[in-house]
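# Close look at the chain arrangement
Single-letter residue listing:
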Amino acid sequence: MSDVRAQDAAKPQERMVVDARELVYDRDKNTVSAVGDVQILYQGRTIEADRVVYDRQSKRVVATGNARITESNGTVITGDRFNLTDDFRDGFIDSLRVVNTDKTRFSAPRAERTDGEVFVFDKGIYTACEPCVDNPEKPPFWQVRAARIIHKKSEQMIYYEDARLEFAGVPIAYVPFMSGPDATVKRKTGFLSPVFINTSALGYGIGLPYFINLAPNYDVTLTPTYLTRQGLLGQAEWRHRFSNGSYNIRVAGIFQQDKKAFLSSPFGAGDDKFRGSIETSGKVFLNPRWNFNWDIAGSTDRFFFKNYRIRSESITASTYLQESTSTVALSGQSDSAWFDMRGYYFQPLSYVDWQKQQPVVLPTVDYNKRVHKPSMIGGELSFNVNITHLTREAAAFKELPQQKTYLITTPQYSLFDGCAVYQKDTCLIRGLAGSVARATAEVAWRRNFVDPAGQIWTPYASVRADIFSVNPNTTNYANANVRTIADASDEVFGRVMPTAGLLYRFPFVASNAWGTHILEPVAQIVARPNETNSYRVANEDAQSTVFDDTNLFEWNKFSGYDRVEGGVRGNIGLRYSGTFGKESYANLLVGQSYHLGGRNPFATGDLVNAGLDSGLDTRRSDYVVRGQYSPFAGLLFQGGARFDESNFEAQRIDGSAVFSHSVFSTSIGYSRYEPQPKLGIPRRREGLLLSQSFKFAQFWSVRGSVLFDLDKFKYDRERYRDAYTTYIANPASITAPIYPKTGPFQTASLSLGLRYQDECTIFDIAYSQSYADRQAGAKEDTRTVMFRLELRTLGEISYSQNLGATSTGDGVASK
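Residues numbered from 1 in each chain as written. Predicted model: local features only at pLDDT ≥ 70, side-chain atom pairs only at ≥ 80, totals over all residues. Heavy atoms only, no water.

## What to know about the packing of aromatic side chains
Each aromatic ring pair is characterised by the separation of its centres together with the angle its planes make. Stated formally: Two aromatic rings from Phe, Tyr or Trp, using only the six-membered ring of Trp, form a pair when their centres are within 6.5 Å; if the ring planes differ by under 30 degrees the pair is stacked, by over 60 it is edge-to-face, and anything between is tilted. Only DSSP runs of H or I covering at least 4 residues are called helices, and only runs of E covering at least 2 are called strands; the numbering of each starts at the N terminus. The rule is simple: take the accessible area with a 1.4 Å probe, protein chains only, and divide by the maximum for that residue type; under 20% is buried, over 50% is exposed, in between is partly exposed. Consider the ring centre and the ring normal. A charge sits over the ring if Lys NZ or Arg CZ is within 6 Å of that centre and within 35 degrees of that normal.
The final tally for this structure, using the stated rule, is 37 aromatic pairs. Their ring planes at 5° and their centres at 4.9 Å tell us that Phe106 and Phe121 sit as a pair that is stacked. Taken together, the residues Phe106 in strand β9 (residues 105-114) and Phe121 in strand β10 (residues 118-122) connect sequence positions 15 residues apart. Classification of Phe106 as buried rests on a relative accessible area of 4%. Taking the relative accessible area as the measure of exposure, Phe121 reaches 1% and is therefore buried. Residues Phe763 and Phe787 carry aromatic rings whose centres are separated by 5.5 Å and whose planes lie at 65° to one another, so their mutual orientation is edge-to-face. Of this pair, Phe763 sits in strand β48 (residues 761-770) while Phe787 sits in strand β49 (residues 782-791), and the two are 24 residues apart along the sequence. Members of the aromatic cluster, connected to one another through ring pairs, are Phe106, Phe119, Phe121, Tyr126, Trp142 and Tyr160. Over the ring of Phe262 we find Arg275, and its NZ or CZ is 4.8 Å from the ring centre. Sitting above the plane of the Phe493 ring, Arg536 keeps its charged end 4.2 Å from the centroid.

Laid out in structure tokens, this is it:
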């Protein structure tokens with residue numbers, strides 16, 4: 001083998017490196033031929049072939065036999081025959097195949113390259129799919145076949161003439177002309193994938209987003225959407241990124257053409273001609289430790305986002321909670337401290353919630369500082385500060401033991417919770433009208449000591465001070481009813497709570513043929529004076545008290561700052577953990593809490609009865625249990641429960657089993673919570689969730705889940721009984737109610753899905769259904785079919801369709 005290197009005389013500053021078995025000079029034809037395993041490197045390109053002939057007169061290079069060019073960017077071009085200029089920039093290629101660095105592919109019987117950057121593929125084919133390993137000639141899952149494909153690298157665009165989209169070689173769509181950016185493009189002005197929509201209130205609609213790349217760091221997207229029933233919906237999004245942050249602004253609006261498609265107020269926005277929204281979110285880093293961030297949304301009405309399928313990052317939506325949350329915050333963090341100051345505005349998105357009962361929180365401030373191993377005392381010293389101020393226009397009530405009275409009642413509907421008798425034992429105040437403020441500061445210390453026997457002692461001490469300012473508003477709406485339940489005078493008062501406690505643990509470790517076992521008895525005692533002013537506190541952030549294994553050994557078991565534990569309390573428990581081999585493990589905790597002295601704060605209650613019916617409101621608490629067991633990797637059983645301390649009846653149960661495998665996964669979840677009549681929850685809540693997914697082929701999978709409300713049939717019969725009583729009293733003006741047919745296994749929600757996903761395609765179709773629930777503002781079931789198809793590098797198309805009747809919770813009139 002010979003190694004021949006020649007220097008291009010025309011460009012002495014650049015070298016051409018030729019590697020071949022032999023080099024043949026033909027003086028008669030004035031050609032130079034490189035023969036056998038030829039490799040030529042020039043200007044960042046590499047050409048490989050069995051034979052390369054250079055014609056000195058025409059200055060053309062002809063490569064034949066396994067010809068291949070590798071561009072400087074990694075793109076690989078193969079063909080049967082290359083006829084190129086001497087710099088490899090221009091020429092003709094037979095049986096061309098191009099593989100780009102992003103795994104996209106072009107092929108054509110013949111192609112031409114001009115100016116080193118324009119490729120014209122005659123009868124070209126483009127795809128982003130990998131060829132079949134067993135049969136490379138088999139058509140890919142999808143491809144675009146066109147009379148001509150023109151790739152202009154300088155424009156970073158690909159043009160298709162007389163194009164057909166084929167799936168598995170079968171044409172399904174024809175486009176006379178289309179274009180799109182190539183794989184090197186991250187941002188480029190042009191049309192995006194269309195958006196399709198169809199609902200009973202909007203009709204059929206199509207939106208065509210147009211992206212405008214104004215600069216590398218900011219852009220705008222305009223999306224006009226034509227709706228056959230409502231006219232033109234306009235949407236725009238502005239995005240801007242700068243050196244220390246980014247933000248976006250989104251607006252939407254429409255002048256409705258058919259207002260009758262929507263219900264009138266308060267159930268819908270059928271009275272409005274113009275409807276719209278504006279949103280903005282962003283984050284600015286002031287320095288490495290501090291940032292300012294916001295997420296703000298507002299709309300002309302609570303139904304707009306849902307009616308017009310507007311994407312909003314502010315929306316929190318579930319079966320029982322639909323609201324838009326706006327927040328503005330200043331945050332800072334160091335290695336040992338954290339600060340956050342923010343404000344909240346809540347916009348409910350269901351007709352059952354009243355905007356005037358929603359609090360405006362401004363500000364809420366949190367600060368936490370930890371000092372590790374302070375001199376003299378060691379351990380950890382922490383400082384905690386919270387300041388909260390909120391206002392609301394109308395007081396929020398909850399009737400005991402069951403909600404049957406409403407602030408607005410007509411023969412057709414009832415809205416907004418009220419009380420028949422506004423007294424402490426029959427009515428809760430979920431939120432005071434007016435303004436409420438609280439400032440809290442706490443300093444705490446703890447330290448671990450391990451004695452020679454292996455016992456772990458953790459002493460704890462803290463001092464907390466709170467100051468409250470309560471200014472109720474007892475005018476307008478139903479606010480005056482607060483006077484018969486609580487002190488409605490303006491007042492400022494304080495609370496100081498010193499705490500001392502000790503946590504004791506003594507782990508025992510044993511190993512045997514089964515594995516390693518750790519048995520650890522745990523005991524804790526906490527001493528405080530009695531809590532004061534619990535009935536004067538407008539409890540806003542500590543309304544939910546769930547006693548379980550997670551807070552058994554917490555120094556303060558209330559969920560927020562407005563309430564604080566008082567008196568002397570002891571907590572005991574037994575922990576077990578074991579590992580069995582490499583993959584199997586188990587753990588278990590059993591415990592109970594005792595009120596040893598002073599006034600039990602969980603038995604005292606407040607304006608919302610926080611702590612009552614919690615399992616902590618007796619001298620001996622309920623028993624709490626939590627366990628996990630995994631016999632092998634991929635299978636996990638876990639559960640937790642709370643049992644009545646006197647009769648061991650289950651008060652709260654949560655259990656699940658999860659199995660996960662590369663082909664099949666399934667999970668079962670069960671929960672049951674007993675009634676809490678002192679909190680206005682008169683019925684048991686019980687549910688069963690089943691979820692599965694199965695990969696039945698290489699790229700195909702199915703999934704499904706169903707949630708059963710095991711107690712809803714009782715609620716339906718209670719509502720029927722009440723409605724029938726009302727009907728008997730006034731049969732002339734009210735339609736007779738229909739007896740419910742629901743059973744114990746009432747479907748609360750159902751979802752099914754089919755998915756195909758490979759390296760170039762994602763296809764997904766899903767069906768979902770959720771039952772009607774008054775708390776969600778829905779009177780009829782909601783059923784939706786969603787479709788999505790994504791072709792890598794070409795774009796994505798999605799579509800959703802509501803089936804059957806439309807829920808009045810959406811503010812939409814029935815057909």
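Okay, back to it.
## A word on helix α3 (residues 712-729)
Filter applied, for reference: Take the residue count of a helix, subtract one, and multiply by 1.5 Å to get its expected span. Here, residues are in contact when the closest pair of their heavy atoms is within 4.5 Å.
Between its first and last C-alpha atoms α3 spans 26 Å; for 18 residues at 1.5 Å apiece the expected length is 26 Å, and the two agree. For α3, the full list of buried residues reads Lys712, Phe713, Asp716 and Glu718. The inward-facing, buried residues of α3 abut β46 (700-709) and β47 (746-757).

## Examining the environment of Ala128
Counting through the fold element by element, Ala128 comes out in the loop between β11 (125-127) and β12 (142-152). Sequence separation of Ala128 and Val526 is 398 residues, and the distance between their C-alpha atoms is 65 Å. Not counting chain neighbours up to four residues away, the residues in contact with Ala128 comprise Lys103, Thr104, Trp142, Glu759, Cys760, Arg792 and Thr793.

## Some points on the state of the cysteines
As a reminder of what qualifies: Note on disulfides: each one is a pair of cysteine sulfur atoms within 2.5 Å.
Evaluated as defined, the whole model comprises two disulfides. Covalently, Cys129 is tied to Cys760 through a disulfide, its sulfur atoms 2.0 Å apart. Across the S-S bond of Cys129 and Cys760 the torsion is about 85°, and the bridge reads as right-handed. Remark: Cys760 occurs in the loop between β47 and β48 and Cys129 occurs in the loop between β11 and β12; sequence separation between them is 631 residues. No disulfide involves Cys132; its sulfur sits 12 Å from the nearest other cysteine sulfur, which is in Cys129.

## Brief notes about the environment of Ala396
With respect to the helices and strands, the residue Ala396 is situated in strand β29 (residues 396-399). Ala396 gets classed as buried once you look at its relative accessible area, which sits at 14%. When the C-alpha positions of Ala396 and Gly567 are compared, they lie 31 Å apart, and in sequence the two are 171 residues distant. Setting aside residues up to four positions removed in sequence, Ala396 forms contacts with Gln357, Leu428, Ile429, Arg430 and Gly431.

## Quick word on the nonpolar core
How we decide: Put simply, a nonpolar core is a bunch of buried Ala, Val, Leu, Ile, Met, Phe, Trp, Tyr and Cys residues held in one set by side-chain atoms that sit within 4.5 Å of each other.
If you look at the biggest cluster of nonpolar residues, it comprises 41 residues, and the most contacted ones within it are Phe82, Phe121 and Trp142. Looking at this core, the element that brings in the most residues is strand β13 (residues 157-167), giving five residues. Membership of the second largest hydrophobic core comes to 22 residues, among which are Ile429, Leu432, Val436 and Leu607.

## Points about a nonpolar patch on the surface
Convention followed: Surface patches are drawn from residues lacking salt bridges whose relative accessible area is over 30%; two like charges belong together within 9 Å, two nonpolar side chains (Val, Leu, Ile, Met, Phe, Trp, Tyr) within 5 Å. Surface accessibility follows the Shrake-Rupley procedure with a 1.4 Å probe radius. Residue values consider only the protein chains on display as shielding. What counts as a salt bridge is simple: a side-chain nitrogen of Lys or Arg found within 4 Å of a carboxyl oxygen of Asp or Glu.
On the surface, Leu286, Trp290, Phe292, Ile296 and Val328 cluster together to form a nonpolar patch covering roughly 390 Å² of accessible area. It is strand β23 (residues 290-299) that provides the largest number of residues to the nonpolar patch, a total of three residues. Inspection of the secondary structure assignment puts Leu286 in the loop between β22 (274-285) and β23.

## Regarding the side chain of Asn198
Basically, it comes down to this: Pairing of N or O atoms within 3.5 Å defines a polar contact, subject to two protein rules: one partner must be a possible hydrogen donor and the other a possible acceptor, and residues neighboring in sequence count only if both atoms are side-chain atoms.
Along the chain, the position of Asn198 falls in strand β16 (residues 195-199). For Asn198, the side chain forms a polar contact with the side chain of Tyr799, separated by 3.3 Å.

## Details of the side chain of Asn248
Of note, Asn248 is situated in strand β21 (residues 245-255). Within the structure, Asn248 has its side chain in polar contact with the side chain of Arg250 (distance 2.6 Å).

## A word on the pairing of strand β41 (residues 623-632)
Definition in use: Here the rule is simple: two strands pair whenever DSSP picks up at least two bridges between them.
As defined by bridge partners, strand β40 (residues 584-597) adjoins β41 across seven bridges and the pair is classed as antiparallel. Paired with Ala586 across the two strands is Tyr629, which belongs to β41. Pairing of β41 with strand β42 (residues 635-643), which is carried by eight bridges, proceeds in the antiparallel orientation. Among the inter-strand pairings, Phe632 is bridged to a residue of β42, identified as Leu635.

## Concerning unusual backbone geometry
Residue Pro266 is bonded to the preceding Ser265 through a cis peptide linkage, with omega at 10°. With respect to the secondary-structure elements, Pro266 resides in the loop between β21 and β22. The omega torsion of the bond from Leu400 to Pro401 falls at 0°, within 30 degrees of zero and hence cis. Looking at where Pro401 falls in the secondary structure, it is placed in the loop between β29 and β30 (406-409). For Ser95, which is not glycine, the phi dihedral falls at a positive 50°. The residue Phe416 is not glycine, and still its phi comes out positive at about 70°. The residue Phe416 is located in strand β31 (residues 414-417) in this model. You can call Phe416 buried: its relative accessible area is 9%.

## Details of the pairing of strand β19 (residues 218-227)
Alignment of strand β17 (residues 203-207) against β19, held across three bridges, turns out to be antiparallel. Note on β19: the bridge partner recorded for Gly207 is Thr225. Alignment of strand β18 (residues 210-215) against β19, held across four bridges, turns out to be antiparallel. Each bridged residue has a counterpart across the sheet, and for Tyr210 the counterpart in β19 is Leu222. The turn linking β18 back onto β19 is made up of two residues.

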